[in-house]
Amino acid sequence: MTAAPALPTDSLGNTITVAESDDVLVVEAADGSRWELVCGLEVHAELATETKMFSGAPNHFGDDPNTNIDPVTLGLPGTLPVVNQQAVELAARFGCAIGATVQRSVFSRKNYFYPDMPKNFQISQYDQPIVVDGRLELPSGHVVGIERAHLEEDTGKSTHVGGAGRIKGAEYSLVDYNRAGVPLLEIVSRPHVRSAEQARQYVAELRSILVACAISDGKMEEGSMRVDANISVRREGSGELRTRCEIKNVNSLRSLVRAIEYEARRQADLHAAGQKVTQETRHWDENDGRTHTMRSKEEADDYRYFPEPDLVPVDLGAERVAEIAAALPLLPAARRHRLAGLTGEPVTAEAVVVTVERGQDDQALAAIEAGADAGRVLVHVVQNLAVDGGADLAPERLAELVKLETSGDLTATQAKQVLAELVADPSTTAAEVAKAKGFEAMDTGALESIVDGVINANPAEWEQFCAGDDKARKKLSGFFTGQIMKASKGQADGRAVAQLLAQRSAS
Amino acid sequence: MTAVDIARGVRAGSASATSIADAHLARIDEREPDVHAFNLVTPDVARAAAAEVDRKVAAGEDPGPLAGVPIAIKDNLCTDGIATTCSSKILEGWVPPYDATVVQRLVAAGAVPVGKTNLDEFAMGSSTENSAFGPTRNPVDLSRVPGGSSGGSAAAVAAGFAPLSLGSDTGGSIRQPAAFCGVVGVKPTYGLVSRYGLIAFASSLDQVGPFAATVADAALLLEVIAGHDPADATSIPQPAPAISEHLDDGVAGLRVGVISELMGEGIDPVIAAQVRAAADALAAAGATVTEVSVPAVTFGLSAYYLIAPAEASSNLARFDGVRYGLRVDAPTTNEMMVATRTQGFGPEVKRRIMLGTYALSAGYYDAFYGQAQKVRTLIARDFAAAYEEVDVLLSPTTPTTAFALGAIEDPLTMYLNDTCTIPTNLAGDAAMSVPFGADAAGLPVGVQILAPALGEVPMFRAAAVVEAAAPARPTGKDLR
Amino acid sequence: MPAHISRDDVAHVAKLARLSLDDAELDTFTAQLGAILEHAEDVEALDLADVPPTSHPFDLVNVLRPDRPGTTLTPDAALAGAPQAEAGRFRVPTILGEAP
């Protein structure tokens, strides 16, 4: 009996699993064969500390070159690293936020030569990382497993002179070590991302957590959050795992989506043609919309990891970790569940997702708690308060406005206008604005006479409306409502009008 | 004059730090061309430091416990504004912008730095013949090596250039040259003395330690440099121990064990005899002396030559011509790094870098580095078991006395010099060499006293007794 | 006597360590490294399956530094030892290849 082939394992020796999903990117190759995306994401987040990972040099973006340097940063002979307490705290905070285990961890040296690395080794974590085994629930409800997260130091930055600033064709390079030593949290997901949209949601959600917990400012555009994608494809419906490629240089969520779609197709086409996908690192080029092989190395890097002899292990202990977990702010997924619960919307509803994403769920909830109709509150927050200053509108004002609307004192259109005024002038109340604008509920008698007036003025259309089928009625209803609105100078309440038209046509 | 005497005199105002500095600088002028203990003599720094000490004394300020004492500093310790080369071409002329913690402490204590001493390149060697700037000669016999890697520091004390010097010890680099030159050399407990500013060779083994002509002087210097340093995460979270006040405690009741594995084959019988004589002296002073087995010490050499080069290969990767030191130009950065390192490193350094790289490389890590780290555990356990039975251990410091310059060319033969000293570095314990007699040619013999981690006090107590009982050493061919 | 390290191995580690050796050196180093590794056979032969490795001589844990700024080097001091500098940065020849 032949032994089963060894199942592929991750960096910690666990068997690799691929998550199933309703939303899977499937690429159809030229020969009609169909290929599913299997994707894992590696995110490097710069931690929001005052100082660097292993020394007291400032952790600050955008300063003049080589101004945030100390002897340890430069790796000057004789210098030694000492671990930044806050970096450990933030990593633990992240672990708690994703429901992971925060464990005793050890630092390791990753040895390779590159001019932006002052010591020609990077202090990182290898076989005992600080965080293992977490999960991230996306707004769509899909869950992505997180294999590990570990602490390491960032490298310096080189700029290439000559050759249009790209590394290829440059005459020489200049190195700035300001970024060298900045604390990084490397977050590695399991290959549970099955579509480009899930990838986008994963990164956005991760970012929300990092920002909500003050772990990182998550600015992809400043490089404080970097994303690499590990992509492979497999035959639709199969359980196989094929060769994957690592895609680097994805600098925005939009690039991420494009890169994934391109690479999945590239690999599918190769497999379908009977060709091999080489396991390699590829570079995403935003300009030509393709991934490219990076300069091929003659042999794979041998990083010769060994435990960092200048540092001792870090073990926060269960009690401290529990304290950190207890002190976490409410996270985006929990916020979505809370808002969904209170509004009766599904947790995946766009209104719920968007409101939490914009950080306006507290506003909405407070308004609802003040007695306003949950549905109307949500509609207003999503549609009318997505403007400058909208998030600052006091929930009591919003609640007051919604109450005026639901009691019939304001039409939907009027409510929208009042809301805009409230945002512009926070000192005023909904009632005051309504009064100032002359938005009072039209009395029933006046409305009835306007409706009757419009009916009488359009007898032919009225006959069609009364006699017509649903389709005709719908179309003509629009016509009559329009006329009534015009005649009432917009003050008629839409629902009241519909009611009256129905009444009149029935009699 | 001893360091203790100088400090006492200067602090009392009865001796001038400046005249003491001048006297030592004159002696250096006179004999240094023969000995070559220094890569750099620093008369201006010395005179400025001495002047400052004299100023403080005159002003009634405390000049520190090492007031006016000249000291030589191994050239792998960073000195702010003063060239620090590790005796390597790759760092020739490099000037650090900061002081090692031990240097800060000695300057604050009033010591007077007279120069940076020669060493085997990057502390890799046992004879100081691997220096890129020429060897140091043993002041006792100029045709012989002073030992290594801290040969210059040992020679500086032996030649009277300074009563104190600092060295570093990774596998015996303080104790072995101390034995060869007939001076006292101490490797403190790992973590007792800060490594911040010591240019790293093997991070988990390196320690900075004192050389002196007397046990009391060595204690004085150790007290100044030892103690927790927040800049070194491996430094023991305790202040410096008090040692000097215990030097006259004697050894009544102290249990001493002679390490049987280090007294037989491979050890010069003359040296073994001196160790037994030292043991007898301790017994006569009231200690209980037995023979003790520490079996794993025989694996020390092999484990060391897998661990130390592995850590060194990583520690020396930073020398690449990009940020400081030598750069050999080339069209690409990679070629520049290769050319710089090839030209800048000597053969022993290259040998160890390659050995270390191999020991860590994919597929070999478990068999080599991983296995050696386990042997370390065995050695630590065997020492711990021995220290259940005894308080301190005794052994030769070296298998032979100082050999002639150029006598040993084979690397492995050179490594055998460290068989007695290496195990202590692997265990992280304390050990020191005390001069005790000489061989027929008048070459000094060193006796090694070993103690468990943080056992400096009993170690020094035993050392004081051994020193007092040491036979008068015939003056060697060249000394004085 | 089995070779403990081949000439190819030595060439490989030299490359990993950014060292260039000529043929004579390659031969010499191969012999010397082989002798050292042969000596280390005594260690390789031990059965240490149940023995934990020692990375540090003693068990310190959680040596951490508060997140407060320390002293920095001025750019001039940082660049003082630079073999070549330009525009406040360290200048190096062409770098081929992206960082791993």
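Rules and cut-offs
- Residues numbered from 1 in each chain as written.
- Chains lettered and ligands numbered in written order.
- Predicted model: local features only at pLDDT ≥ 70, side-chain atom pairs only at ≥ 80, totals over all residues.
- Heavy atoms only, no water.
- Helix = DSSP H or I, 4+ residues; strand = E, 2+ residues; numbered from the N terminus.
- Rg over C-alpha atoms; globule rule 2.2 N^0.38 Å.
- Buried < 20%, exposed > 50% of the residue type's maximum accessible area, 1.4 Å probe, protein only.
- Salt bridge = Lys/Arg side-chain N within 4 Å of Asp/Glu carboxyl O.
- Disulfide = S-S within 2.5 Å.
- Axes fitted to C-alpha atoms, helices over the stretch in contact; angles between N-to-C directions.
- Parallel < 35°, antiparallel > 145°, perpendicular 65-115°, else oblique.
- Contact = heavy atoms within 4.5 Å.
- Nonpolar A, V, L, I, M, F, W, Y, C, P; charged D, E, K, R; others polar.
- Pairing = 2+ DSSP bridges.
- Buried area = accessible area lost by both parts, 1.4 Å probe.
- Polar contact = N/O pair within 3.5 Å; in protein donor to acceptor, adjacent residues only side chain to side chain.
- Domains from an automatic or database assignment.
- Phe/Tyr/Trp six-rings, centres within 6.5 Å; stacked < 30°, edge-to-face > 60°.
- Left-handed = near helix turned anticlockwise from the far one by under 90°.
- Arc of directions from axis to C-beta.

A. Summary view of the overall build of chain A. Helix and strand counts for chain A stand at 16 helices and 16 strands. A compact globule built from 507 residues should have a C-alpha radius of gyration of about 23 Å, whereas chain A, at 30 Å, is more than 25% larger. Projected onto its principal axes, the C-alpha positions of chain A cover 95 × 60 × 55 Å. Buried residues in chain A amount to 52% of all 507 residues.

B. Region of interest: the pattern of salt bridges. According to the stated counting rule, one finds 52 salt bridges over all chains in the structure shown. Note that Glu61 of chain B is salt-bridged to Arg55 of chain B, the shortest N-O span being 3.3 Å. What emerges from the salt-bridge pattern is a single network uniting Glu20, Glu36, Arg194 and Arg234 of chain A.

C. Structural context of the state of the cysteines. The final tally for this structure, using the stated rule, is zero disulfides over all chains. Unpaired in this structure, Cys39 of chain A has its nearest cysteine sulfur neighbour in Cys245 of chain A, at a distance of 12 Å. A relative accessible area of 0% places Cys39 of chain A in the buried class. Cys86 of chain B carries a free sulfur, and the closest cysteine sulfur to it, the one in Cys78 of chain B, is 7.5 Å from it.

D. Region of interest: the packing of helix α3 (residues 196–212) of chain A against helix α6 (residues 332–343) of chain A. Residues and elements named next belong to chain A. Direction vectors running N to C along α3 and α6 enclose 100°, while the axes themselves pass 9 Å from each other. When the axis of α3 is compared with that of α6, the two are roughly perpendicular. Listed contacts from α6 to Glu205, Ser208 and Ile209 of α3 are Pro332, Ala333 and Arg336. Here the contact of α3 with α6 is composed, by residue class, of three nonpolar, one polar and two charged.

E. Representation of the interface of chain C and chain A within the structure. Each side of the interface is counted separately: chain C has 39 residues, and chain A has 62 residues. Sorting the residues of the side of chain C that touches chain A by element identifies α1 (7–16), β1 (64–65), α4 (75–79) and β3 (89–93) of chain C as the ones contributing at least two each. Among the elements that line the side of chain C that touches chain A, the one with the most residues is β3 of chain C, at five residues. Here the residues of the side of chain C that touches chain A are counted per class, giving 20 nonpolar, ten polar and nine charged. Where strand β10 (residues 172–176) of chain A and β3 of chain C come together, four bridges link them in antiparallel fashion. Considered in β3 of chain C, the bridge of Tyr172 of chain A is made with Pro93 of chain C.

F. Summary view of the sheet that holds strand β4 (residues 164–169) of chain B. Residue and element names in this part refer to chain B. Sheet architecture is open: eleven strands sit in the order β1-β3-β2-β4-β6-β5-β10-β11-β9-β7-β8, paired in mixed fashion. Both edges of this open sheet fall to β1 (38–41) and β8 (288–292), since each of them pairs with a single strand only. The average angle at which neighbouring strand axes cross in this sheet is 25°, direction not considered. Bridging between strand β5 (residues 184–187) and strand β6 (residues 207–212) involves two bridges; their strand directions are antiparallel. Counted as the bridge partner of Val184 is Ala212 from β6. Where helix α2 (residues 17–35) meets the sheet, its contacts fall on β1, β2 (70–74) and β3 (112–117), and the angle it forms with β1 comes to roughly 135°. Packed onto the sheet, helix α4 (residues 101–108) meets β2, β3, β4 and β6 and runs at close to 175° relative to β2.

G. Representation of the pairing of strand β2 (residues 34–46) of chain A in the model. Residues and elements named next belong to chain A. Most of β2 is tucked away, with twelve of its 13 residues classed as buried. Here three bridges tie strand β1 (residues 26–28) to β2, and the two strands are oriented antiparallel to one another. Bridging from a neighbouring strand, Val26 pairs with Glu36 of β2. Where β1 hands over to β2, the hairpin turn is made up of five residues, of which Gly32 adopts a positive phi near 90°. The pairing of β2 with strand β12 (residues 225–235) spans eleven bridges and is antiparallel. Opposite Gly40, over in β12, you have Asn230 as the bridge partner.

H. Representation of the interface of chain C and chain B in the model. Facing the 49 residues of chain C at the interface are 58 residues of chain B. Both sides together, the interface formed by chain C and chain B hides about 4,600 Å², and carbon and sulfur atoms give 70% of it. For the chain C face of the interface with chain B, the top three residues by lost area are Arg18, Leu19 and Ile36 of chain C, together amounting to 13%. Run the count over chain C and chain B and you get zero salt bridges. Scanning the region where chain C abuts chain B turns up 20 residue pairs in polar contact (both at pLDDT 80 or more).

I. How the structure looks around the domain arrangement of chain A. When cut into domains, chain A gives domain 1 (38–326), domain 2 (332–436) and domain 3 (444–506). Placing the centre of domain 1 of chain A and that of domain 3 of chain A at their C-alpha centroids yields a distance of 63 Å.

J. Structural view of the packing of aromatic side chains. Per the stated rule, a full pass over the model turns up 27 aromatic pairs over all chains. Consider the rings of Tyr190 of chain B and Phe58 of chain C, whose centres lie 6.1 Å apart with planes at 50°: the pair is tilted. Here Tyr190 of chain B is found in the loop between β5 and β6, whereas its partner Phe58 of chain C is found in the loop between α3 (41–44) and β1 on a different chain. Judged by relative accessible area, Tyr190 of chain B falls into the buried class, the value being 1%.

K. Representation of the sheet that holds strand β9 (residues 157–161) of chain A. Across the sheet, which stays open at both edges, the four strands sit in the order β9(A)-β10(A)-β3(C)-β2(C) with antiparallel pairing between neighbours. Looking at the sheet topology across the chains shown, the edges are occupied by β9 of chain A together with β2 (85–86) of chain C. The sheet contact formed by β2 of chain C and β3 of chain C spans two bridges and is antiparallel. Considered in β3 of chain C, the bridge of Ala85 of chain C is made with Phe90 of chain C.

L. Molecular detail of the packing of helix α15 (residues 470–487) of chain A against helix α16 (residues 494–506) of chain A. Residue and element names in this part refer to chain A. At a minimum axis distance of 11 Å, the contact between α15 and α16 shows a crossing angle of 120°. Comparing the axis directions of α15 and α16 gives the class oblique. Seen from above, α15 lies across α16 with right-handed handedness. Touching Arg473, Ser477, Phe480, Thr481, Ile484 and Met485 of α15 are Gly494, Val497, Leu501 and Ser505, all from α16. Grouping the amino acids of the contact of α15 with α16 by side-chain chemistry returns five nonpolar, four polar and one charged.

M. Region of the structure containing unusual backbone geometry. Cis geometry is found at the peptide bond from Gly148 of chain B to Ser149 of chain B, where omega equals 10°. The residue Ser149 of chain B is located in the loop between β3 and α5 (151–158) in this model.

N. Representation of α1 of chain C in the model. Burial in α1 of chain C covers these residues: Val10, Val13, Ala14 and Leu16 of chain C. The buried residues of α1 of chain C occupy one face: seen down the axis, they fall within an arc of 160°. On its buried side, α1 of chain C packs onto α11 (347–360) of chain B together with α2 (23–39) of chain C. Backbone geometry just after α1 of chain C places Arg18 of chain C at a positive phi near 55°.

O. Inspection of the pairing of β6 of chain B at higher detail. Residue and element names in this part refer to chain B. Most of β6 is tucked away: six of the six residues are buried. Note that β4 and β6 share six bridges and pair antiparallel. Paired with Asp169 across the bridge in β6 is Gln207.

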